[in-house]
Amino acid sequence: KLSLTLFAYFSQIDYKVKQIMQRKTTATSAVNIFYWSVLVVLTCLLVTKAFLLPVTNDEAYSFFLVKTNYWKAMAGTANTHWLNSFFIRVFTFLFGDAPGNWRIQSVMAGAGYIFLAKKIAGSFDSVAMKLICFLMLVFNPYLLDYFSMARGYGLSAFFILLSVYQLQQFHEKGKEQSFFYCSLSYDAP
């Protein structure tokens, strides 16, 4: 009789734990759907902006320097980021001289930034904290502008967030290579 009572008691506990786990799984699935939806929608927005925005003076000057191979002038300009200039050269060689092609690296950096924001926010236990962290990292209109222009700031923001993510991996999981990657990605911009 006692064993049946204990069995019934533990069965109830097991049932309640399964219900809680089911709710947690449902909440996690909803958050993941939200993350991926934001990633897709914002990436589409960045691509649209990259191909529709007019060219800024800084972008035009960077393109001019890259296109004319006037590398010695690049060291004396404040707006020329070497990695950005390299990608402008690569993407205009591959896809042509359209201004949207100058900005492909920034759009890719924007998508990577949103993905890293998801990974960093996912480390919190609370669903509310996950969403708050993600929204604070991603929904900055000025930052989103940089991810649709051929300037180095979008790449820089991506590499800084990559550095933060690698440092987080080193801290949480003790992965020594993450500390190395943290240093590399911090030095990239």
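Residues numbered from 1 in each chain as written. Predicted model: local features only at pLDDT ≥ 70, side-chain atom pairs only at ≥ 80, totals over all residues. Heavy atoms only, no water.

Caption draft 1: Broad picture of the overall build of the protein chain. Scanning the protein chain from N- to C-terminus turns up ten helices and zero strands. Secondary structure elements in the protein chain, listed N-terminal to C-terminal, are α-α-α-α-α-α-α-α-α-α. Counting every position in the protein chain, which comprises 189 residues, the buried fraction comes to 36%. Summarising the internal contacts of the protein chain: among those between residues at least 6 apart in sequence, 65% fall at separations of at least 24. In the form shown here, the protein chain has an accessible surface area of approximately 11,700 Å², with 69% of it arising from carbon and sulfur atoms. (Helix = DSSP H or I, 4+ residues; strand = E, 2+ residues; numbered from the N terminus. Buried < 20%, exposed > 50% of the residue type's maximum accessible area, 1.4 Å probe, protein only. Contact = heavy atoms within 4.5 Å. Areas by Shrake-Rupley, 256 points an atom, 1.4 Å probe, with all protein chains shown as cover.)

Caption draft 2: Broad picture of empty space enclosed by the protein. For the structure on display, the rule yields one cavity of 30 Å³ or more. Lining the largest cavity are Tyr35, Trp36, Leu39, Ile114, Phe115, Lys118 and Phe134. Within the residue set of the lining of the largest cavity, elements represented by two or more residues are helix 1 (2-52) and helix 6 (104-121). For the lining of the largest cavity, the per-class residue count stands at six nonpolar, no polar and one charged. (1 Å grid on protein atoms, 1.4 Å probe; cavity = no way out; pocket = protein on both sides within 12 Å on 5 of 7 lines; lining within 4 Å. Points joined across faces, edges and corners; volume = space filled by probe spheres on them. Nonpolar A, V, L, I, M, F, W, Y, C, P; charged D, E, K, R; others polar.)

Caption draft 3: The nonpolar core, seen in detail. Membership of the largest hydrophobic core comes to 27 residues, with the highest contact counts inside it found for Leu42, Tyr113, Ile114, Phe134, Val138, Phe147 and Leu161. Counting residues per element, the ones that place at least two in this core are helix 1, helix 6, helix 7 (127-138), helix 8 (141-146) and helix 9 (152-173). In terms of residues, this core owes the most to one element, helix 6, which gives eight residues. Not counting the four nearest positions on each side in its chain, leucine 42 is found in contact with Ile114, Val138, Phe139 and Leu144. (Core = buried A, V, L, I, M, F, W, Y, C linked by side-chain atoms within 4.5 Å.)

Caption draft 4: Molecular detail of helix 4 (residues 82-95). Spanning 14 residues, helix 4 covers 20 Å between terminal C-alpha atoms, matching the ideal 20 Å at 1.5 Å per step. Those residues of helix 4 lying buried are Asn84, Ser85, Ile88, Phe91 and Thr92. The buried side chains of helix 4 occupy one side of the element, clustering within an arc of 135° when seen end-on. Opposite the packed face of helix 4, turned more than 90 degrees from it, sit the exposed residues Phe93 and Leu94. If you follow the buried residues of helix 4, they end up packed against helix 2 (57-67), helix 3 (71-74), helix 5 (99-102), helix 6 and helix 9. Glycine 96 sits one or two residues past helix 4 and shows a positive phi near 105°. (Expected span 1.5 Å × (residues − 1). Arc of directions from axis to C-beta.)

Caption draft 5: Structural view of the packing of aromatic side chains. All told, the structure shown has eleven aromatic pairs when counted by the stated rule. Through a chain of ring-to-ring contacts, three or more aromatic side chains come together here, namely Phe86, Phe87, Phe91 and Phe95. (Phe/Tyr/Trp six-rings, centres within 6.5 Å; stacked < 30°, edge-to-face > 60°.)

Caption draft 6: Inspection of the confidence of the model for the protein chain at higher detail. Mean pLDDT over the protein chain stands at 82; residues scoring 70 or higher make up 78%. Within the protein chain, no element has a lower average pLDDT than helix 10 (residues 176-187), which sits at 68, and none a higher one than helix 6, at 94. (pLDDT = per-residue confidence, 0-100.)

Caption draft 7: Structural context of the pattern of salt bridges. Evaluation of the coordinates by the stated rule reveals four salt bridges. Close ionic contact of arginine 103 with glutamate 59 constitutes a salt bridge, the shortest N to O distance being 2.7 Å. You can see arginine 103 sitting in the loop between helix 5 and helix 6 and its partner glutamate 59 sitting in helix 2, a full 44 residues away along the chain. The two residues arginine 103 and glutamate 59 agree in class, both being buried. (Salt bridge = Lys/Arg side-chain N within 4 Å of Asp/Glu carboxyl O.)

Caption draft 8: Spatial organisation of helix 6. Compared with an ideal rise of 1.5 Å per residue, which puts 18 residues at 26 Å, helix 6 spans 26 Å between its outermost C-alpha atoms and is within 8% of the ideal. When you tally the buried positions in helix 6, you get 14 out of 18 residues, the bulk of the element.

Caption draft 9: Representation of a nonpolar patch on the surface within the structure. Residues Phe124, Met129, Ile132 and Met136 make up a contiguous nonpolar surface patch of roughly 390 Å² in combined accessible area. Locating isoleucine 132 in the fold gives a position in helix 7. (Patch = residues over 30% accessible without salt bridge, like charges linked within 9 Å, V, L, I, M, F, W, Y side chains within 5 Å.)

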